[in-house]
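A structural walkthrough
Residues per chain, in single letters:
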Amino acid sequence: MNMVSLNFKSVLFGLSSAIAMTAVLASVQMYQPAKLPLDEQQQVIVASDTYKVDELDLGKYNDCYHNCRATLLTANDKYFIEVNFDFSGFDAGNGINHAIGIQIDRLEPELIGDEDGEVNAYLDRIELSKINDALEDSITKKLQKLGG
């Protein structure tokens, strides 16, 4: 009879421990803020002094000119911006002045995020111009390395 009493107490103790642990985990889960859907999030304005190109995808043979992809980071690495773009090269001269370079023809931000994931963000035309400049510089450097 003593053995049955001991087994019953250990089962009861294990069951009460499991219930207590479930209650603790449920209360912790309750106090974590839920991630709102993108359209319900407060809109943030993304601004940076400079942007740095983190990833530049010009295709398997570096011959992409349409629907190319890149990921840029803000100067403080708080936000990342994934963009889709088209670009073209130019080699113009009038006999005296000569210019060679890259020109972004289309730039479309696809996703803006932070360490928690996608955010509802706004980029004004000045920020898009800075992103454009960073992309042009990065493409030029990459193509120069490949060419020579």
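Please read these numbers as outputs of a predicted model, since none were measured by experiment. (Residues numbered from 1 in each chain as written. Predicted model: local features only at pLDDT ≥ 70, side-chain atom pairs only at ≥ 80, totals over all residues. Heavy atoms only, no water.)

Turning our attention to helix α2 (residues 125-147). With 23 residues, α2 extends 32 Å from end C-alpha to end C-alpha; this agrees with the ideal 33 Å at 1.5 Å per step. Residues of α2 that are buried include every one of Glu127, Ile131, Asn132, Ala134, Leu135, Glu136, Ser138 and Ile139, and no others. N-capping of α2 is provided by aspartate 124, with a side-chain oxygen placed 3.1 Å from the backbone N of isoleucine 126. (Helix = DSSP H or I, 4+ residues; strand = E, 2+ residues; numbered from the N terminus. Expected span 1.5 Å × (residues − 1). Buried < 20%, exposed > 50% of the residue type's maximum accessible area, 1.4 Å probe, protein only. Polar contact = N/O pair within 3.5 Å; in protein donor to acceptor, adjacent residues only side chain to side chain.)

A word on the environment of isoleucine 139. The topology assignment puts isoleucine 139 in helix α2. Measuring from C-alpha to C-alpha, the distance between isoleucine 139 and valine 53 comes to 9.5 Å, with 86 residues separating the pair along the chain.

Another point: the pattern of salt bridges. Under the definition given, this model contains five salt bridges. A salt bridge links aspartate 77 to lysine 52, with the nearest nitrogen and oxygen atoms 3.0 Å apart. Of this pair, aspartate 77 sits in the loop between β3 (68-74) and β4 (80-93) while lysine 52 sits in strand β2 (residues 51-57), and the two are 25 residues apart along the sequence. Owing to a relative accessible area of 39%, lysine 52 belongs among the partly exposed residues under this scheme. For glutamate 108, the salt bridge identified is with arginine 106, shortest N-O distance 3.2 Å. You can call glutamate 108 partly exposed: its relative accessible area is 34%. (Salt bridge = Lys/Arg side-chain N within 4 Å of Asp/Glu carboxyl O.)

This part is about the packing of aromatic side chains. Within the structure shown, the criterion is met by two aromatic pairs. Ring centres of phenylalanine 85 and phenylalanine 87 lie 6.2 Å apart, and the angle between their planes is 40°; on these two criteria the pair is classed as tilted. Across this residue pair, the class does not change: phenylalanine 85 and phenylalanine 87 are buried. One aromatic cluster in this structure is built from Tyr65, Phe85 and Phe87. (Phe/Tyr/Trp six-rings, centres within 6.5 Å; stacked < 30°, edge-to-face > 60°.)

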